[in-house]
Amino acid sequence: MTFRIHVTGAAAEAVRTVVPQLVADRVASGITAQDPALWGPAAEPEASKRLGWTEAVAISRPLVPEIVALREELHAKGVNHIVLGGMGGSSLAPEVITRTAEAELTVLDSTDPGQVLSALRDRLEATAVVISSKSGSTLETDSQKRVYEKWFQDAGIDPRERIVVVTDPGSPLDQSAREAGYRVFNADPNVGGRYSALTAFGLVPSGLAGVDISELLDEAEATQIELAVDNEQNPGLVLGAAIAGTSPLKDKLGIVADGTHIVGFADWAEQLIAESTGKEGTGLLPVVLDTLAPELESKPADLQVVRLVANAEAHHLFPADRHEGEILVSGSLGAQLLVWEYAVAVAGRLLGINPFDQPDVEAAKVAARALLDNRPEPVAPAFTAGGIEVRTTGSFLGEANTLDAAVDALLAQLGPDGYVAVQAYVDRLALPQLAGIRDLLAAKANRPVTFGWGPRFLHSTGQFHKGGPAVGVFLQITATAPEDLEIPGRPFTFGQLIQAQAAGDASVLGEHGRPVLTLTLTNPEADVVSLFEAVN
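Residues numbered from 1 in each chain as written. Predicted model: local features only at pLDDT ≥ 70, side-chain atom pairs only at ≥ 80, totals over all residues. Heavy atoms only, no water.

Draft legend 1. Broad picture of helix α11 (residues 213–221). Among the residues of α11, those classed as buried are Ile213, Leu216, Leu217 and Ala220. Buried residues of α11, viewed axially, fall in a sector of 95°; they line one side. On its buried face, α11 sits against α4 (56–60), α5 (63–76), α6 (92–101), α10 (200–208), α12 (224–228) and α16 (333–351). (Buried < 20%, exposed > 50% of the residue type's maximum accessible area, 1.4 Å probe, protein only. Helix = DSSP H or I, 4+ residues; strand = E, 2+ residues; numbered from the N terminus. Arc of directions from axis to C-beta. Contact = heavy atoms within 4.5 Å.)

Structure, rendered in structure tokens:
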């Protein structure tokens, strides 16, 4: 099953008007030939070293037998539980790949001490850990590696037999891991993290978890020729035009899974789209929706819905008006991954931005490190209600002194083209119900609402929040961890790290003029009830 797409409404008009020019400009063959000039002179230096993903299938093939051999070697030793320590592009692709294949993978993309402890306490004697970091200097991933090394050593297990490293050649992690005797897989350095699904970053943890990664590469390969050809049926050109060529631009992209066999695809696409396009005051905001999301009823004019279905060609089976104006897509997971990478590269050209850089991601990291280095006293809350501490950037609270009034004051900052971003810096295993706040807020605000688990979204939609259109308002939820955890060799704990990441991101958003309401749950499980009442 290769990729299929069906468009109607504004998306169809965009395809009709935009794709012929893309064909005339030889954009598809240019991307395949890794032409860095496609996105303008300013983007050339970065684009010239970020197009390796177009040949990821061929480059990754030799990895398959190595990964399978290591999996069998681990199984022979009774090691059959794989944990992935990674952030952003290093974790989102393996998560969708393994969930779709129904293979077990513990994805540790958090610095919340409770979530880290849950992973550490789960079958340590049968666990191998993949530490994935493109740069080799990711703070979260380094912290995860340090704590697993200690726990393995304390259990009498040689970490060199249990920790596998995926990183770019020559990175600090590459050098230190090899010196320490760890098994290292190098990824293609000419591929950015969010385009790395079909490289070692996507394949090593997925393959070790039991996925047939050779089949995944076959699925992607089956659509490569279609993607390379300059014609009006090219799915990468059609999808790119449909999502970024509407006039006026529908810059909120609602992604819905509806009957597809692929599990969690929107979470992967969210990073690819937001981090690639959200800059220079423009961009496409991906909004992950379920089939009953309020936005699908209210249909905001600036929301373009993309629906992943079992068979996009069977659109005639749907009621005539049910999906009018939507983009329907279907296909194998491997095909979807590669087509969306092409489409987002095309979208970058249409939006006039460089889809391969992330100029605003570093600011939050710098702010977090500064807070960790200096450890200032916490900012006193504006008020506390029902165990929840209330803080803000800016002065939009006014006379508000209840949770309901604070949420209303935040939503009052929304413009007609705005959005709400919920950022939950909590243990998502202990508080999964927090995700339900998204639908409540969407119904209350009558605008698109995104939801991100912190700090993982900092490596995803965090770029859009600062670099995209300045129309977002931010509800940040933090929690007082019931149990903290030391990071070996560091002067701060996991609890202090996640607090600094939340505070650092809030400060940078505030500097960009974005309103932030921070609600800190001092007794997380009990306070969730009060929180839901406030947003209902």
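Draft legend 2. Summary view of the sheet that holds strand β7 (residues 252–258). Pairing is mixed in the open sheet, where five strands are placed in the order β1-β10-β9-β7-β8. Each of the sheet's edge strands pairs with one partner strand only, and the pair in question is β1 (4–7) and β8 (285–289). The mean inter-strand angle of the sheet, taken between neighbouring strand axes irrespective of direction, is 20°. As judged from the seven bridges shared by β7 and strand β9 (residues 303–309), these two strands associate in the parallel manner. Each bridged residue has a counterpart across the sheet, and for Lys252 the counterpart in β9 is Leu303. Across the sheet, helix α13 (residues 235–244) touches β1, β7, β9 and β10 (327–330), and the angle it forms with β10 is around 150°. (Pairing = 2+ DSSP bridges. Axes fitted to C-alpha atoms, helices over the stretch in contact; angles between N-to-C directions.)

Draft legend 3. Highlighting the pattern of salt bridges. Applying the stated criterion across every chain, the model contains 34 salt bridges. One salt bridge connects Asp25 with Arg349, and the closest N-O pair in it is separated by 3.0 Å. Here Arg349 lies in helix α16 and Asp25 lies in the loop between α1 (9–24) and α2 (27–32), a separation of 324 residues in the sequence. Since its relative accessible area comes to 33%, Asp25 is described here as partly exposed. With a closest N to O distance of 2.4 Å, Lys466 and Asp505 form a salt bridge. (Salt bridge = Lys/Arg side-chain N within 4 Å of Asp/Glu carboxyl O.)

Draft legend 4. Representation of the packing of aromatic side chains within the structure. Overall, the coordinates contain eleven aromatic pairs when judged by the stated rule. Considering the side-chain rings of Phe265 and Trp268, the 5.3 Å spacing of their centres and the 50° angle between planes classify their relative orientation as tilted. Of this pair, Phe265 and Trp268 are both found in helix α14 (residues 265–277), three residues apart, which corresponds to roughly one turn of the helix. Counting every residue linked through ring pairs, the aromatic cluster contains Trp39, Trp53, Tyr195, Tyr342 and Phe356. (Phe/Tyr/Trp six-rings, centres within 6.5 Å; stacked < 30°, edge-to-face > 60°.)

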